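Each chain, letter by letter, is given below.
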Amino acid sequence: MLAVLCRGTDADRALCVAAAEAGADVALGTVSPADEFRVASIANEIWSIGTRQFVMPLDATDPTAIAAFAARTFDELGGCRLALASTWLESNAPFPQLSADEWLPVLSANLTIPYLFIGAFSKAMGTRSEGRIIVVAPANPAADTAERAARAGLLTLVADANSVLSPQGIAVTVLEEEPVTALG
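Residues numbered from 1 in each chain as written. Predicted model: local features only at pLDDT ≥ 70, side-chain atom pairs only at ≥ 80, totals over all residues. Heavy atoms only, no water.

## Overview of the packing of helix H3 (residues 63-77) against helix H4 (residues 100-126)
Here is step 1 of the chain: The N-to-C vectors of H3 and H4 enclose an angle of 35°; their axes lie 9 Å apart at closest approach. Crossing geometry of H3 relative to H4 is assigned as right-handed. Two secondary-structure elements touch here, H3 through Pro 63, Ile 66, Ala 67, Phe 69, Ala 70, Thr 73 and Phe 74 and H4 through Leu 116, Phe 117, Ala 120, Phe 121, Ala 124 and Met 125.
Here is step 2 of the chain: Considering only residue class, the contact of H3 with H4 consists of twelve nonpolar, one polar and no charged. (Axes fitted to C-alpha atoms, helices over the stretch in contact; angles between N-to-C directions. Helix = DSSP H or I, 4+ residues; strand = E, 2+ residues; numbered from the N terminus. Left-handed = near helix turned anticlockwise from the far one by under 90°. Contact = heavy atoms within 4.5 Å. Nonpolar A, V, L, I, M, F, W, Y, C, P; charged D, E, K, R; others polar.)

If you want it as structure tokens, here you go:
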């Protein structure tokens, strides 16, 4: 079983369809309600393959919504072995032009949402003492200060999460390339 928090990109679609073709049930959550149409389109493809799926439109900056997504994944699909957050937002504003309007969404998408996602899914996975949580954070050579700050924070978050969660059988990983590329 796979849970994916995403925007409905082509890479998200390829990953979810490949998982469904391999027989996985897929829970899909949106990063924002505006992503619902694209994510629902992915769910339709999964439905046509014949595995169980659902879409949960949510605002991923809301801790209650992320917790509800994790709970629904376990309730409807009977568990989750792999949870993937594909929320990364690239940013390449030169420092003198970097504004709070650019800084805040980057930190939210790249650090706050992964923090909430790791917390919710590790709690749900902890009841079964197994699971893997992946946060997609593609390398961006042109990354600006906001994106680099978010990456540094994410790496610290993942290291700290692993130190607490690995004894419980839960691994947290940063995937530095698009999931489709990583699958080969």
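## Focus: the side chain of Asn 110
Here is step 1 of the chain: Along the chain, Asn 110 turns up in helix H4.
Here is step 2 of the chain: From its side chain, Asn 110 meets the backbone nitrogen of Leu 89 in a polar contact 2.6 Å long.
Here is step 3 of the chain: For Asn 110, the residues in contact, after removing those within four places along its chain, are Thr 87, Trp 88, Leu 89, Glu 147, Ala 150 and Leu 154. (Polar contact = N/O pair within 3.5 Å; in protein donor to acceptor, adjacent residues only side chain to side chain.)

## A few points about the sheet that holds strand S5 (residues 131-136)
Here is step 1 of the chain: The strand order across the open sheet built from six strands is S3-S2-S1-S4-S5-S6, with neighbouring strands paired in parallel fashion. A strand with exactly one partner marks an edge of an open sheet, and here the two such strands are strand S3 (53-56) and strand S6 (170-175). Ignoring strand direction, the axes of neighbouring strands in this sheet form an average angle of 15°.
Here is step 2 of the chain: Bridging between strand S2 (residues 26-30) and S3 involves four bridges; their strand directions are parallel. Within S3, the residue paired with Ala 27 across the bridge is Phe 54.
Here is step 3 of the chain: Each of strand S1 (2-6), S2 and S3 is contacted by helix H2 (residues 36-49), which is oriented at about 170° to S2, the strand it contacts most. (Pairing = 2+ DSSP bridges.)

## Description of the pairing of S3
The side chains of a regular strand alternate between the sheet's two faces.
Here is step 1 of the chain: Residue alternation in S3 divides its side chains into a buried set, Phe 54 and Met 56, and an unburied set, Gln 53 and Val 55.
Here is step 2 of the chain: Remark: the S2/H2/S3 crossover connection has right-handed handedness. (Buried < 20%, exposed > 50% of the residue type's maximum accessible area, 1.4 Å probe, protein only. Right-handed = clockwise from strand over helix to strand, strands pointing away.)

## A few points about the pattern of salt bridges
A side chain of one charge can pair with a side chain of the opposite charge if their charged atoms are brought near each other.
Here is step 1 of the chain: With the rule as written, the count across this model stands at five salt bridges.
Here is step 2 of the chain: A salt bridge links Arg 13 to Glu 45, with the nearest nitrogen and oxygen atoms 2.3 Å apart. Separated by 32 residues along the polypeptide, Arg 13 in helix H1 (residues 10-21) and Glu 45 in helix H2 bring together distant segments of the chain.
Here is step 3 of the chain: A residue is classified by how much of its surface remains accessible, and Glu 45, at 31% relative accessible area, is partly exposed.
Here is step 4 of the chain: A salt bridge links Glu 176 to Arg 151; the shortest N-O distance between them is 3.8 Å. Here Glu 176, found in the loop between S6 and helix H6 (179-183), pairs with Arg 151, found in helix H5 (residues 145-165); they are 25 residues apart in sequence, far enough to count as distant.
Here is step 5 of the chain: By relative accessible area, Arg 151 is classed as buried at 17%. (Salt bridge = Lys/Arg side-chain N within 4 Å of Asp/Glu carboxyl O.)

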